[in-house]
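One-letter residues, chain by chain:
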Amino acid sequence: MIKFYDKIPDMECLQGDTLPSFIISAEADELTDCRMQCIIAAWDEPEKAVFTKECTATDDGFAVILNSEDIENLKGLFHMHFRFIGANGLSYRKLSGTLHILPAPKGE
């Protein structure tokens with residue numbers, strides 16, 4: 001089978017944690033007017049996004065941080081996709097992985 005996307009390693013974190021920055025390098029010649037989104041979908045409903053977060057453009061790609069507010073109410077297994085939107089408006093999904101969010105007690 002030929003895959004048209006790359007698979008990132010499976011990841012695990014605690015509910016309400018702030019994850020390290022995801023740095024995604026882009027191979028486009030010009031990134032002006034391009035965007036990238038991080039899309040999280042529940043494992044059992046992969047076609048429905050739980051949330052989408054815009055990535056920040058860098059010199060050679062994009063970066064995003066999933067912070068505690070993003071995942072404080074999530075638990076379980078999730079699909080994680082990075083969607084690149086080119087300056088021409090076309091959408092490319094070239095990076096996918098699994099995120100397992102474990103329940104954690106909320107502190108006061």
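**Some words on the pairing of strand S4 (residues 35–42)**
Thinking step 1. Taking burial as the measure, the eight residues of S4 include seven buried ones, the bulk of the element.
Thinking step 2. Here eight bridges tie S4 to strand S8 (residues 76–85), and the two strands are oriented antiparallel to one another. Bridge pairing in S8 places Cys-38 opposite Phe-82.
Thinking step 3. Here S4 pairs with strand S5 (residues 49–54) via five bridges, running antiparallel. Looking across to S5, one finds that Cys-38 is bridged to Lys-53.
Thinking step 4. Counted along the chain from S4 to the antiparallel partner S5, the turn is six residues long.

Quick notes on the rules
- Residues numbered from 1 in each chain as written.
- Predicted model: local features only at pLDDT ≥ 70, side-chain atom pairs only at ≥ 80, totals over all residues.
- Heavy atoms only, no water.
- Buried < 20%, exposed > 50% of the residue type's maximum accessible area, 1.4 Å probe, protein only.
- Helix = DSSP H or I, 4+ residues; strand = E, 2+ residues; numbered from the N terminus.
- Pairing = 2+ DSSP bridges.

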